[in-house]
Amino acid sequence: STRPRTLFPYTTLFRSGTEVISCEYDEYRILDYLECGSTEDHRYLAIGVCQDGLWGFVRSDGRICCPPQFDDINDHMEYHHHYLIGVKKHGKWGFYNVYGAEKIPCKYDGIWAFEGDKCKVGEKTSGTMLWHYIDTHGNYLKEYPISYY
């Protein structure tokens, strides 16, 4: 017998009682709240969803923001600074916004959390991981030292 796919133990939005996210996803990860207006009523939860091994993003009102297309996503809250979500595509990490727009290309072998407006990213060079900082636009920050390991 086939078991239906589920996203949550429940699939309804708390206030309205209507279905929010269909049960077509294999797995989910809570990402962060999105400010979509000036009042509390315009906040939506961004949810990472996995379908057939690929990840994308939906809002808690059911709107698909970015269809599944990533090998993996990073669900640590620190990674969502400026609504940037760490994503892995074709074996490399980068950052997309929750609406599916690439903001920092997927070209890194590793990423860390944003610390304010900077993030540590890693690139393998001759078997050694080279770590350096970038800003929220992907520009290298020369004022921070580079580390190896």
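Rules behind the numbers
Residues numbered from 1 in each chain as written. Predicted model: local features only at pLDDT ≥ 70, side-chain atom pairs only at ≥ 80, totals over all residues. Heavy atoms only, no water. Pairing = 2+ DSSP bridges. Helix = DSSP H or I, 4+ residues; strand = E, 2+ residues; numbered from the N terminus. Buried < 20%, exposed > 50% of the residue type's maximum accessible area, 1.4 Å probe, protein only. pLDDT = per-residue confidence, 0-100. Contact = heavy atoms within 4.5 Å.

Novice: How should I be thinking about the sheet that holds strand β8 (residues 102-108) in this particular structure?
Specialist: Two pairing modes exist for strands in a sheet, parallel and antiparallel, and in both the strands are linked by backbone hydrogen bonds. One open sheet holds the 4 strands; their spatial order is β5-β6-β7-β8, and the pairing between them is antiparallel. Edge positions in the open sheet fall to β5 (72-73) and β8, since each of these has one partner strand only. As paired elements, strand β6 (residues 84-89) and strand β7 (residues 92-97) share 6 bridges and run antiparallel to each other. The partner of G86 across the bridge, within β7, is F95.

Novice: Is there a simple way to think about unusual backbone geometry in this case?
Specialist: One can expect most non-glycine residues to show negative phi and most peptide bonds to be in trans. The residue D52 is not glycine, and still its phi comes out positive at about 55 degrees. By the element assignment, D52 lies in the loop between β2 (43-51) and β3 (54-59). For D52, a relative accessible area of 59% translates into the label exposed. Phi at S126 takes a positive value of approximately 50 degrees, unusual for a residue other than glycine. Its location among the elements puts S126 in the loop between β10 (118-125) and β11 (128-135). Classification of S126 as exposed rests on a relative accessible area of 78%.

Novice: Would you take a moment to explain the confidence of the model for the chain for this structure?
Specialist: Detailed reading of predicted coordinates is not advised where the pLDDT is low. Residue-level pLDDT values for the chain average 75, and 68% of them are 70 or greater. Taken element by element, the predicted model of the chain shows its lowest mean pLDDT in strand β12 (residues 147-148) (66) and its highest in β8 (95). Below pLDDT 50 for its whole length, residues 1-16 participates in 32 contacts with residues either more than four positions away or in separate chains.

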